[in-house]
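Below are the chains, spelled out letter by letter.
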Amino acid sequence: RTLMERFYDNMIQKKMGTLDALRESQLWMLREGQERGLVRTDIPSDRDSARTPPFYWAAFVLSGDWR
């Protein structure tokens, strides 16, 4: 699943607020993304290679009335 699929699943199925849904989605990508094949090969691996780089999830932010 992608970040946005997880985000909308959290909002619709789990009845989370938008802020909590995005945060959980980003944390999920950080922890589980590499197991799903999301690995950057154009940058040297760091000491914590078990995590998905923020490149895949950090750019997503909420805008508008997020409450």
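Residues numbered from 1 in each chain as written. Predicted model: local features only at pLDDT ≥ 70, side-chain atom pairs only at ≥ 80, totals over all residues. Heavy atoms only, no water.

1. Considering the side chain of arginine 6
Note that arginine 6 resides in helix 1 (residues 3-12). For arginine 6, a relative accessible area of 13% puts it in the buried group. (Helix = DSSP H or I, 4+ residues; strand = E, 2+ residues; numbered from the N terminus. Buried < 20%, exposed > 50% of the residue type's maximum accessible area, 1.4 Å probe, protein only.)

2. Observations regarding unusual backbone geometry
Note: most peptide bonds trans; most residues except glycine with negative phi. For lysine 15, which is not glycine, the phi dihedral falls at a positive 60 degrees. Relative to the helices and strands, lysine 15 resides in the loop between helix 1 and helix 2 (18-32). What makes lysine 15 exposed here is its relative accessible area of 69%.

3. Some words on the packing of aromatic side chains
Taken as a whole and judged by the stated rule, the model has 1 aromatic pair. Plain terms: the ring middles of phenylalanine 7 and tyrosine 8 are 5.0 Å apart, the flat faces sit at 70 degrees to each other, and that makes the pair edge-to-face. Taking relative accessible area as the criterion, phenylalanine 7 reaches 6% and is therefore assigned buried. (Phe/Tyr/Trp six-rings, centres within 6.5 Å; stacked < 30°, edge-to-face > 60°.)

4. Thoughts on helix 1
When helix 1 is considered as a whole, its buried residues turn out to be Leu3, Arg6, Phe7 and Asn10. Buried residues of helix 1, viewed axially, fall in a sector of 105 degrees; they line one side. Buried residues in helix 1 make contact with helix 2. (Arc of directions from axis to C-beta. Contact = heavy atoms within 4.5 Å.)

5. Structural notes on the pattern of salt bridges
Under the defined criterion, the tally for this structure stands at 1 salt bridge. A salt bridge links glutamate 24 to arginine 6; its shortest N-O distance comes to 2.7 Å. In this pair, glutamate 24 sits in helix 2 while arginine 6 sits in helix 1, placing the two residues 18 residues apart along the sequence. We note that glutamate 24, like arginine 6, is buried. (Salt bridge = Lys/Arg side-chain N within 4 Å of Asp/Glu carboxyl O.)

6. Here we look at helix 2
The terminal C-alpha atoms of helix 2, which comprises 15 residues, lie 20 Å apart, in line with the 21 Å expected from a rise of 1.5 Å per residue. Of all the positions in helix 2, only Ala21, Leu22, Glu24, Ser25, Gln26, Trp28, Met29 and Leu30 are classed as buried. Check the buried side of helix 2 and you find it contacts helix 1. (Expected span 1.5 Å × (residues − 1).)

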